[in-house]
Amino acid sequence: MKVNLHTAEIIKAISLDGFAQHLAQSGWEKRRLIGNKASVWTKNHGDDESEVVLPLNPESSDYLIRMWDTLNVLENVDGLSSEEIIMKLASAKFFARSGMREVISLRLFVDELNKTELDLHILSSSLRYLQATLYSIGQVKIGLNSKGGRIPQMVMDSTRLSVISTFPGSSGIRLGTTQQIMQGELFGPPLSTQTFKEFAELVNESLSVEGLREKATSLKTRSASNYKKFLSSVSLADTAIEVDWGSPFDESGLKVMLPAMTIKSAIQVLDEIVEEMPEQVTTSGILIGGNKRNKRFEFNSFDGEDYTGTISEEIIKNGRVMTLSSSYTAIIEVIWENTTSTGESNARYKLLDLIPFEFS
């Protein structure tokens, strides 16, 4: 194993709880404690028994040496290189600080299902809707709706993800924002940090029905819908997922694990939320086109937005008068659909009501 300053920094940033979890998942058994200095683990393989000593005090002068010894034993016994183990266990926080950007690590515990591979469709779909969720949360944070439902460029620039690395064992992928946080922004959290914080809290609140309902509702229908699609994609793996968010800001960061059953329960709650609170727009403008026979309308609002879509059955049943080129206040339902691999959304519109507009 080659050890340099960068590797040493990563080792120091490894969570000892995470290391112990890795040992347990790899078939090692904790045998005893050596005071508060170390824990001793053993593993049987054939007629042989191997032993590792996990140091517990990162402040001790020989901590790195002891960790390197432990990693070398694991490399020989478990067949993973020391570098692979380090990259698996390194926290998102470390990569966030070293790269000056927001980082999210996703880990699907497929190895607990005795699988060694993850279906590409599950991974690609999960990443697609993760990106869509971040985009929609970012749009909520800036409070700006752009024409046609397109994500504002500033949101996309701040929250677009790229792959930093993958790690072995459980299927894991580490993602970071493509845009670094500038030094001057350290006096206050930028949009990327605000967005990732909201997403991490959304995942954390998924452990509770009421918490999820309150958090998802506050982030609006579009975010709730995209998050539901993200969890639905993850649920195809039928296993738990761990989300680890790291940020350059000292006070920021969160790690959450959602069991498979919790994911399924969260999807049901999100289904109810999306159904209960469809997004609606109330706007005034001019009715450009309307045909009750084919149930289509076209409406130009005074603020420059154009809406084209279907007419609701209620308008037709109620015999609502629709006079072309006349001014109305329109109530329009917005339904979001993800149609591209970039995670961008397209909006479908349904005209719910028309009220004659009176100029004051």
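Because the structure is predicted, anything quoted here is derived from the model rather than measured.

Student: Is there a simple way to think about the overall build of the protein chain in this case?
Tutor: When helices and strands are tallied, the protein chain shows twelve helices and 13 strands. In the protein chain, which comprises 360 residues, the share counted as buried stands at 47%. Of the contacts formed within the protein chain by residues at least 6 apart in sequence, a portion of 63% connects residues at least 24 apart.

Student: Can you walk me through a nonpolar patch on the surface in this structure?
Tutor: A cluster of nonpolar side chains, Ile286, Ile288, Phe302 and Phe359, forms an exposed patch at the surface whose accessible area comes to about 390 Å². Topologically, Ile288 is positioned in strand β9 (residues 279–291).

Student: In this structure, what is going on with the packing of aromatic side chains? I would like to understand it.
Tutor: The relation between two aromatic rings is expressed through the spacing of the ring centres and the mutual angle of the planes. Applying the stated criterion to the full structure yields six aromatic pairs. With centroids separated by 6.1 Å and ring planes inclined at 90°, the aromatic side chains of Phe199 and Tyr227 adopt a geometry described as edge-to-face. Here Phe199, found in helix α8 (residues 191–205), pairs with Tyr227, found in helix α10 (residues 220–235); they are 28 residues apart in sequence, far enough to count as distant. When the ring of Phe302 is compared with that of Phe357, the centres are 5.5 Å apart and the planes differ by 65°; the resulting orientation is edge-to-face. Here Phe302 is found in the loop between β10 (296–301) and β11 (306–311), whereas its partner Phe357 is found in the segment after β13 (345–356), with 55 residues between them in sequence. Exposure remark for Phe357: the relative accessible area of 27% places this residue in the partly exposed category. Members of the aromatic cluster, joined through ring pairs, are Phe199, Tyr227 and Phe230.

Student: Explain the pattern of salt bridges to me, please; I cannot follow it from the model alone.
Tutor: Side-chain pairs of opposite charge can arise where the charged atoms are in close proximity. Tallied over the full model, the rule gives 16 salt bridges. Close ionic contact of Lys197 with Glu201 constitutes a salt bridge, the shortest N to O distance being 2.6 Å. Highlighted residues: Lys197 and Glu201, both in helix α8, separated by four residues, approximately one helical turn. Note that Asp238 and Lys264 form a salt bridge whose closest N and O atoms lie 3.1 Å from each other.

Student: Is there a simple way to explain the packing of α10 against helix α11 (residues 260–276) in this structure?
Tutor: How two helices sit against one another is set out by the angle between their axes and by the gap between those axes. Two elements in contact, α10 and α11, have axes whose closest approach is 9 Å; the angle formed by their N-to-C orientations is 150°. Classed by the angle they form, the pair α10 and α11 counts as roughly antiparallel. For α10 against α11, the interelement crossing comes out left-handed. Within the contact between the two elements, α10 uses Thr221, Ala224, Ser225, Tyr227, Lys228, Leu231, Ser232, Val234 and Ser235 and α11 uses Ile263, Lys264, Ala266, Ile267, Leu270, Asp271, Ile273 and Val274. For the contact of α10 with α11, a count of residues per class yields ten nonpolar, four polar and three charged.

Student: How should I be thinking about the sheet that holds strand β3 (residues 48–55) in this particular structure?
Tutor: The pairing of strands in a sheet comes from backbone hydrogen bonds and takes either a parallel or an antiparallel form. With antiparallel pairing, three strands are arranged side by side in an open sheet as β1-β2-β3. Whereas interior strands pair on both sides, the edge strands pair on one side only; in this sheet they are β1 (29–34) and β3. Averaged over all pairs of adjacent strands, the angle between their axes in this sheet comes to 25°, without regard to strand direction. One ladder, built from five bridges, connects β1 with strand β2 (residues 38–45); its direction is antiparallel. Bridge pairing in β2 links Ile34 to Ala38. Contacting β2 and β3, helix α2 (residues 16–25) crosses the sheet at an angle of about 170° to β3.

Student: Help me understand the environment of Gly304, please; the structure alone is not making it clear to me.
Tutor: Of note, Gly304 is situated in the loop between β10 and β11. A relative accessible area of 41% means that Gly304 is categorised as partly exposed. Linking Gly304 and Gly285, residues 19 residues apart in sequence, is a C-alpha distance of 8.9 Å.

Student: Explanation requested: helix α6 (residues 120–142) in the structure shown.
Tutor: Each α-helix turn comprises 3.6 residues. Residues three or four places apart therefore point the same way. If you check α6, its first and last C-alpha atoms are 33 Å apart, about what 23 residues at 1.5 Å a residue would give, namely 33 Å. Its side-chain oxygen at 2.7 Å from the backbone nitrogen of His121, Asp119 defines the N-terminal cap of α6. Just past α6, the residue Gly143 takes up positive phi, approximately 65°.

Student: Got a minute to help me understand α8 in this structure?
Tutor: Here α8 spans 21 Å end to end across 15 residues, near enough to the 21 Å set by a 1.5 Å rise per residue. Those residues of α8 that fall on the buried side of the exposure criterion are Leu191, Ser192, Thr193, Thr195, Phe196, Glu198, Phe199, Ala200, Leu202 and Val203.

Definitions and limits used
Residues numbered from 1 in each chain as written. Predicted model: local features only at pLDDT ≥ 70, side-chain atom pairs only at ≥ 80, totals over all residues. Heavy atoms only, no water. Helix = DSSP H or I, 4+ residues; strand = E, 2+ residues; numbered from the N terminus. Buried < 20%, exposed > 50% of the residue type's maximum accessible area, 1.4 Å probe, protein only. Contact = heavy atoms within 4.5 Å. Patch = residues over 30% accessible without salt bridge, like charges linked within 9 Å, V, L, I, M, F, W, Y side chains within 5 Å. Areas by Shrake-Rupley, 256 points an atom, 1.4 Å probe, with all protein chains shown as cover. Salt bridge = Lys/Arg side-chain N within 4 Å of Asp/Glu carboxyl O. Phe/Tyr/Trp six-rings, centres within 6.5 Å; stacked < 30°, edge-to-face > 60°. Axes fitted to C-alpha atoms, helices over the stretch in contact; angles between N-to-C directions. Parallel < 35°, antiparallel > 145°, perpendicular 65-115°, else oblique. Left-handed = near helix turned anticlockwise from the far one by under 90°. Nonpolar A, V, L, I, M, F, W, Y, C, P; charged D, E, K, R; others polar. Pairing = 2+ DSSP bridges. Expected span 1.5 Å × (residues − 1). Polar contact = N/O pair within 3.5 Å; in protein donor to acceptor, adjacent residues only side chain to side chain.

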